[in-house]
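Overview (structure and organization)
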Amino acid sequence: MSKPSVAVHKFSSCDGCQLALLNMGEALVTLAERVDIKHFAEAGVLDETAEVDIAFIEGSVVTAHDCERIQEIRKRSRYLITMGACATSGGIQALKNLSYDPASWVGAIYSNPEFIDSLDRSEPIKKHVKVDFELWGCPINSRQISTAISLMLEGVMPLDEREKLCIDCKRQGNVCTLITEGEPCMGPVTRTGCGALCPQFGRACYGCFGESELPHDSALSRRFQGLGLLPDQIRQRFQLIHPVDADELEQRINLDSGKAGGSHE
């Protein structure tokens, strides 16, 4: 009986999510015995045009070539799973989407911008093709990808975990950085998955794992205002890892003339 085939493709990203897969150590060796890895450049396996059962995608779409590549990968994959902030929401590079002149970013960074093939927007994979499942995080961790593959090998789609990070902190007995330290922690509106790593060390959550279920963004923005954060600082906290369009953000956090208020829709 043939083993399920897997490919790991990289788009615009820092490779952190691929490293999470490599960092599985012995678990990766065990996994490799259960699947046939057709393409994984980071691990030295090259066959980008291979047809596979599961394709994992790291990174966002930022070039015209990316647009073409992801279409071809989708055609050759039975299931397509995005992993990490860049692939699921556009990532840090999507901050240029918020600029009034996104094209100017290339000129500000490179001395010869005419040689750079870059679209004005950095977009998540789901903007271009059907995505069967998303693994959120910046980066994801080994547990997420190991669990996803194990379940799919049993014919079961993984569960989308959107429980709030605060619940994880309570289970671990972490002291709340928002209440006791007055830190602008994103935990109340961020999904769990990281193991509450930052709060364990007394640091505020940055929202790496994306939006949780039932996020009360406007309530948290009011709390941040009470801590003394200015409107632009509040916007920056919500936009840091998973940027969204300005109009959508304003509706979510409900800042009006420098005052945060209202209720989450």
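Digging into the nonpolar core
- Core analysis: the biggest nonpolar cluster contains 21 residues, and Leu21, Phe56, Ile81, Met83, Leu135, Ile140 and Ile145 have the highest contact counts within it.
- The set of elements that each furnish at least two residues to this core consists of β1 (5-10), α1 (16-22), α2 (26-34), β3 (52-58), β4 (77-83), β5 (133-135) and α6 (142-153).
- Per-element accounting of this core gives the leading share, four residues, to α6.
- Among the nonpolar cores identified, the runner-up in size contains 18 residues, and Cys169, Ala204, Val244 and Leu249 belong to it.

Focus on helix α7 (residues 165-172)
- For α7, every residue scored as buried is listed here: Leu165, Asp168 and Cys169. Down the axis of α7, the sector holding all buried residues measures 100 degrees, keeping them to one side. Those residues of α7 that are exposed and angled more than 90 degrees off the buried face are Lys170 and Arg171.
- Looking at the buried positions of α7, the neighbouring elements they touch are α9 (197-200).
- After α7 finishes, the residue Gly173 shows a positive phi value of roughly 75 degrees.

Side note on the pairing of β1
- Most of β1 sits inside the fold, with five of its six residues counted as buried.
- Looking at chain direction, β1 and strand β2 (residues 36-40) are connected through four bridges and run parallel. Of the residues in β2, the one forming a bridge with Ala7 is His39.
- Note: β1 against β3, five bridges, orientation parallel. Opposite Val8, over in β3, you have Phe56 as the bridge partner.

Let's talk about the confidence of the model for the protein
- Of the residues in the protein, 96% reach a pLDDT of 70 or more, and the chain-wide mean stands at 90.
- Segment residues 257-265 is flagged for pLDDT under 50; beyond a separation of four residues in sequence, or across chains, it makes 23 contacts in the model.

Quick notes on the environment of Ala94
- Relative to the helices and strands, Ala94 resides in the loop between α4 (85-89) and α5 (104-109).
- According to the relative accessible area criterion, Ala94 is buried, its value standing at 1%.
- A C-alpha to C-alpha distance of 8.9 Å links Ala94 and Ile241, two positions 147 residues apart in sequence.
- Once residues lying within four places of it in the same chain are set aside, the contact partners of Ala94 are Ser89, Ser122 and Pro243.

Considerations on unusual backbone geometry
- Going from Cys138 to Pro139, the amide bond is cis rather than trans, its omega being 0 degrees.
- Relative to the helices and strands, Pro139 resides in the loop between β5 and α6.
- The backbone of Leu214 shows a phi angle near 45 degrees, a positive value even though the residue is not glycine.
- With respect to the helices, strands and loops of the structure, Leu214 is situated in the loop between α9 and α10 (217-226).
- The exposure class assigned to Leu214 is exposed, which follows from its relative accessible area of 66%.

Brief notes about the packing of α10 against helix α11 (residues 231-239)
- Interaxial distance between α10 and α11 falls to 10 Å at its minimum, and their mutual angle equals 135 degrees. The angle between α10 and α11 places the two elements in the oblique class. Helix-helix and strand crossings are classified by hand; for α10 and α11 the assignment is right-handed. In this structure, α10 uses Asp217, Leu220, Ser221, Phe224 and Gln225 to contact α11, whose residues at the interface are Ile234, Arg237 and Phe238.
- When its residues are assigned to classes, the contact of α10 with α11 shows four nonpolar, two polar and two charged.

Definitions and cut-offs
Residues numbered from 1 in each chain as written. Predicted model: local features only at pLDDT ≥ 70, side-chain atom pairs only at ≥ 80, totals over all residues. Heavy atoms only, no water. Core = buried A, V, L, I, M, F, W, Y, C linked by side-chain atoms within 4.5 Å. Buried < 20%, exposed > 50% of the residue type's maximum accessible area, 1.4 Å probe, protein only. Helix = DSSP H or I, 4+ residues; strand = E, 2+ residues; numbered from the N terminus. Arc of directions from axis to C-beta. Contact = heavy atoms within 4.5 Å. Pairing = 2+ DSSP bridges. pLDDT = per-residue confidence, 0-100. Axes fitted to C-alpha atoms, helices over the stretch in contact; angles between N-to-C directions. Parallel < 35°, antiparallel > 145°, perpendicular 65-115°, else oblique. Left-handed = near helix turned anticlockwise from the far one by under 90°. Nonpolar A, V, L, I, M, F, W, Y, C, P; charged D, E, K, R; others polar.

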